[in-house]
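What follows is each chain in one-letter form.
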Amino acid sequence: MNKNLDRLNALMGEVMDLRHTASMLEWDERVYMPRGGAQTRSLLLASVRRIAHEKFISKEVGELLAALRTGVDGQDPTSETARLVAVTARDYEKATRVPASFVAEHAEITSMAQHAWQEARAKSDFTMFAPHLEKIIGLKRRYVSFFAPTDHPYDALLDDYEPGLKTKEVETLFDALRPRQQDLIRRVAERPQVSDRLLHLGYAEQGLWDFGVQVATAFGFDWTRGRQDKSAHPYTTDSGPDDVRITTRFEAQQPFMTVFATMHETGHALYVQGVDPRWRRTALEGGASLGIHESQSRLWENLVGRSLPFWQHFWPVLQGQFPSELGGVALEEFHRAINRVQPSLIRVEADEATYNLHVMLRVEMEIAMLGGALSVNDLPRLWNEKMRDYLGIVPPDARRGILQDIHWSIGLMGYFATYTLGNVISAQLWERFSSVEPRRDEQLRRGDFSSLLAWLRREIHQHGRRYEPQALVERVTGSRIDPLPYLRYLERKVEEAYGA
Ligand code: ZN
C-alpha cells in the first residue's frame, strides 16, 4: 500500500506543480504582463491547464486511488492517509464525470456571455444578457445531471466550493440571518446617521500602502514566503505555502480600500502559509473550502481590523502617516466611520450589516433558477422586489442592479453563499478564541496578534483540506455552522455605533 501511496504522491506532485505554474502565469497576467501578451498568455494558460487535467484524470491515478481505497477500508476514515485518499478521489471523480466536450462548450458559451454581459452592463440593458444567461442555466442543469442523484440540483454546484454542504443547510442559515439583519437595518435607519466623510478625503496612496504593510507584518505575514503587488481586483494566489502572493488596489474615491483589502488578503495568505508542510504538493494543500477561506480573511479584516482595540494600537500609527488629514480626528470618530451602516446598491461596497442580504438575494435566485421555478425574464423584477424588501432601496437601472456582478456571466453559480458562510464562521471562531484567550482585547490593544495566529494555525491552517467545512467548524467550536455568534457580534457593534 505504501508503494501505491508513494506513486500517487509522485503523480499528484506533478499535477500540483502544473497547477501552480498556471497560478503564477495568471498572477503575472494580472500584475505585470503587457497588454499585448494577452493572446499568447491565454494559449499558454490553456495548454498548462489541459496538461495538468490530463495528468490528473489518467488511468493510472484512477487505479491507484481504487487500490488505495480498498487498502484504507476498515481504517479510521479520519486518519491522515484515509483523508488524503478520500479528498484526492473526490477531486478525481469530479474531474472525470464531466466530459471534455462539456468543458469546451462551457468555455465557449461563457466567453460569449461575458462579452455580452459587459456590453449589457454598459448599456444597462438586461435583455441583451438574458439569452446568454438562459444558456448558462442550461449548462448548469446539465452539469448537475453528471452528479445525480442529489437532494436538490443546487447541491452539486454548492459542493464545488463547500464540500459536503447541502442547499437545505444554506437555506436554514439564511432564514435565521435574514429577519434579524433586516430588523437591524431598519433600526439603524431610525437613528441619527454616522458620517464617513473623513474616509473620503485625499490620502496619498504610498502612505496607505505602507500602513497596510505594517499591519500585515504585525498580523504575521511572512514576507520571505510571500509578497504584495497591485491588481485591478485584490486577490490571493500561491504556488504552495512557501510562495503566497497577495494584491491590493488604490481607488481615489475609496482610499481606505487599499488598507482593508490588504488586511483581507493577508487573512487568506496566513491560511495558505500555515498549511502543514507535509501537505505540500498533495490534494490536501489548499483550504478546506471557500467559506472557511473567507472566514480567515473576514476575521482579520473585520473582527480584528474594524475593532476598537485594534485601532487603539494602530490609530497613532495611521495619524503619524497622515498628520494633516487625521491629526485632529478622534479615534472614536474614525472607528464609527469605518463601521458605518448604509444600505447600498452595490454588493462589493456593502458594509458588514448589509452584505449578507446582497448575498442571500443572489443565492435565492440561483436556487430558484436551478430548481426550474423561475424564468430568466422574471429576474429583473424579482431582483428589485428583493432589494426593496431586504435593503429598502430599489436600483434605478440594471447596471446598478442585476447586471452588477460578473459571476453568472462566467458560469459561477453556487459560489455567492461562501461569502456569507465566511462571515458567519469568522464570528464563531472569534467567540471561541475569546473563550480560550480571555486577554484577547488586551493583546489587540498592544498590537500583539501572535496568540490569535498560533490558535488559528493549530485549529484551522495546518489541516489544509483534511476536514470538510462542517466537520472542521464543529471540531473547533463544538457546534456546526451557526448564525448566532455573527448576529450577536453585529447587533453589539451596531448598538455601540448607533445606540440602536
Ligand atoms: Zn476573500
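Cut-offs used in this document
- Residues numbered from 1 in each chain as written.
- Predicted model: local features only at pLDDT ≥ 70, side-chain atom pairs only at ≥ 80, totals over all residues.
- Heavy atoms only, no water.
- Helix = DSSP H or I, 4+ residues; strand = E, 2+ residues; numbered from the N terminus.
- Rg over C-alpha atoms; globule rule 2.2 N^0.38 Å.
- Buried < 20%, exposed > 50% of the residue type's maximum accessible area, 1.4 Å probe, protein only.
- Contact = heavy atoms within 4.5 Å.
- Areas by Shrake-Rupley, 256 points an atom, 1.4 Å probe, with all protein chains shown as cover.
- Lys, Arg positive; Asp, Glu negative; His and termini not counted.
- Charge placed at Lys NZ, Arg CZ, Asp CG, Glu CD.
- Expected span 1.5 Å × (residues − 1).
- Pairing = 2+ DSSP bridges.
- Axes fitted to C-alpha atoms, helices over the stretch in contact; angles between N-to-C directions.
- Salt bridge = Lys/Arg side-chain N within 4 Å of Asp/Glu carboxyl O.
- Core = buried A, V, L, I, M, F, W, Y, C linked by side-chain atoms within 4.5 Å.
- Domains from an automatic or database assignment.
- Phe/Tyr/Trp six-rings, centres within 6.5 Å; stacked < 30°, edge-to-face > 60°.
- Lys NZ or Arg CZ within 6 Å of the ring centre and 35° of its normal.
- Polar contact = N/O pair within 3.5 Å; in protein donor to acceptor, adjacent residues only side chain to side chain.
- Donors = N, O, S within 2.8 Å, 3.2 Å for Na, K, Ca; no water.
- Parallel < 35°, antiparallel > 145°, perpendicular 65-115°, else oblique.
- Left-handed = near helix turned anticlockwise from the far one by under 90°.
- Nonpolar A, V, L, I, M, F, W, Y, C, P; charged D, E, K, R; others polar.

A short note on the overall build of the chain
- Of the regular secondary structure elements, the chain holds 21 helices and three strands.
- Relative to the globule expectation of 23 Å for 500 residues, the C-alpha radius of gyration of the chain, 23 Å, shows essentially globular dimensions.
- Seen along its three principal axes, the alpha-carbon backbone of the chain occupies a region of about 70 × 50 × 50 Å.
- Across the 500 residues that make up the chain, the buried fraction comes to 54%.
- If you take every contact in the chain between residues at least 6 apart in sequence, the share linking residues at least 24 apart comes to 74%.
- Split by element, the accessible area of the chain, about 21,600 Å² in all, is 51% carbon and sulfur.
- Positive and negative side-chain charges of the chain, numbering 62 and 68 respectively, have mean locations separated by a distance of 1 Å.

What about helix H17 (residues 417-436)?
- The terminal C-alpha atoms of H17 lie 29 Å apart, and with 20 residues this matches the ideal 28 Å at 1.5 Å per residue to within 8%.
- For H17, a buried count of 15 out of 20 residues is recorded, marking the element as mostly surrounded by other parts of the structure.

A closer look at the sheet that holds strand E3 (residues 244-248)
- Read from one edge of the open sheet, three strands run E1-E3-E2, paired in mixed fashion. Only two strands of the sheet have a single neighbouring strand rather than two, namely strand E1 (226-230) and strand E2 (236-238). With strand direction ignored, the average angle separating the axes of adjacent strands in the sheet is 25°.
- Packing of helix H1 (residues 2-31) onto the sheet brings it into contact with E1, E2 and E3, and relative to E2 it is tilted by some 140°.
- Against the sheet, helix H9 (residues 205-219) contacts E1 and E3, and its axis sits at roughly 160° relative to E1.

Overview of the pattern of salt bridges
- A full pass over the atoms with the stated rule returns 48 salt bridges.
- Across the salt bridge formed by Arg400 and Asp397, the nearest N and O atoms sit 2.7 Å from each other.
- Residue Arg400 is classed as partly exposed on the basis of its relative accessible area, which comes to 31%.

Let's talk about the nonpolar core
- Core analysis: the largest hydrophobic core is formed by 116 residues, its most contacted members being Trp300 and Trp311.
- Among the elements that line this core, the one with the most residues is helix H15 (residues 352-371), at eleven residues.
- Viewed by domain, this core spans two of them, domain 1 (2-148) and domain 2 (167-498), each represented by three or more residues.
- Core analysis: the second largest hydrophobic core is formed by 20 residues, Leu5, Leu65, Leu68 and Leu84 among them.

Points about the packing of aromatic side chains
- According to the stated counting rule, one finds 30 aromatic pairs in the structure shown.
- Each ring, one from Tyr143 and one from Phe147, has its centre 5.2 Å from the other, and the planes form 55°; the classification is tilted.
- Judged by relative accessible area, Tyr143 falls into the buried class, the value being 13%.
- Taking 5.3 Å as the distance between ring centres and 85° as the angle between the ring planes, the aromatic pair formed by Tyr161 and Tyr415 counts as edge-to-face. Pair noted here: Tyr161 is in the loop between helix H7 (153-159) and helix H8 (167-189) and Tyr415 is in the loop between helix H16 (379-391) and H17, with a separation of 254 residues, a long-range link.
- Through a chain of ring-to-ring contacts, the aromatic side chains of Tyr203, Phe211, Phe219, Phe256, Trp300, Phe310, Trp311, Phe314, Trp315, Phe322, Phe334 and Phe449 assemble into a single cluster.
- Its guanidinium or amino end placed over the ring of Trp27, Arg245 lies 4.4 Å from that ring's centre, counting from NZ or CZ.
- The ring centre of Tyr355 lies 4.8 Å from the NZ or CZ of Arg298, which sits over that ring.

Structural notes on the domain arrangement of the chain
- By domain assignment, the chain separates into domain 1 (2-148) and domain 2 (167-498).
- Here the C-alpha centre of domain 2 lies 26 Å away from the C-alpha centre of domain 1.
- At the junction of the two partners, domain 1 supplies 42 residues and domain 2 supplies 42 residues.
- Inspection of the region where domain 1 meets domain 2 yields four salt bridges.
- Between Glu80 and Arg278 there is a salt bridge; the shortest N-O distance is 2.8 Å.
- Taken together, domain 1 and domain 2 are joined by 17 residue pairs in polar contact (both at pLDDT 80 or more).
- Looking at the side of domain 1 that touches domain 2, the elements with two or more residues in it are H1, helix H4 (80-97), helix H5 (100-123) and helix H6 (126-145).
- Top contributing element to the side of domain 1 that touches domain 2 by residue count: H1, with 13 residues.

Side note on the coordination of the zinc ion
- For the zinc ion, every protein donor is listed as His264 (NE2), His268 (NE2) and Glu294 (OE), and the spread of their distances is 2.1 to 2.3 Å.
- The motif formed by the donor residues of the zinc ion, counted along the single chain, is H-x3-H-x25-E. Taken together, the residues span about one helical turn, with His264 and His268 both in helix H10 (residues 257-273) at a distance of four residues. Each member of the pair, His264 as well as His268, is classed as buried.

Details of H15
- Relative to the 28 Å expected for 20 residues at 1.5 Å per residue, H15 spans 30 Å between its end C-alpha atoms, a close match to the ideal helical length.
- Where burial is concerned, most of H15 is hidden: 18 out of the 20 residues are buried.
- Put simply, Asp351 is the residue that caps the front of H15, since its side-chain oxygen is 3.0 Å from the backbone nitrogen of Ala353.
- Just beyond H15, the residue with positive phi is Gly372, at close to 85°.

Looking at the side chain of Arg362
- By the secondary structure assignment, Arg362 is in helix H15.
- You can call Arg362 buried: its relative accessible area is 1%.
- Separated by 3.2 Å, the side chains of Arg362 and Gln404 make a polar contact.
- Reaching out from Arg362, the side chain makes a polar contact with the side chain of Asp405 at a distance of 2.6 Å.
- Excluding anything up to four places from it in sequence, Arg362 contacts Arg347, Trp383, Gln404, Asp405, Trp408 and Phe416.

Quick look at the packing of helix H11 (residues 290-304) against H17
- Running from N to C, H11 and H17 cross one another at 60°; their axes reach a closest spacing of 7 Å. By the criterion of interaxial angle, the relationship of H11 to H17 is oblique. In the crossing of H11 with H17, the sense of the turn from one axis to the other is right-handed. Packed against H11, whose contacting residues are Leu290, Gly291, Ile292, Glu294, Ser295, Gln296, Arg298, Leu299, Leu303 and Val304, the element H17 presents Thr418, Tyr419, Leu421, Gly422, Asn423, Ile425, Ser426, Leu429 and Trp430 at the interface.
- Of the residues assigned to the contact of H11 with H17, the class counts are ten nonpolar, seven polar and two charged.

Observations regarding the environment of Arg142
- Considering the arrangement of structural elements, one finds Arg142 in helix H6.
- Residues Arg142 and Val317, 175 residues apart in the sequence, show an inter-C-alpha distance of 54 Å.
- Contact partners of Arg142, with chain neighbours within four places excluded, come to Phe102 and Glu105.

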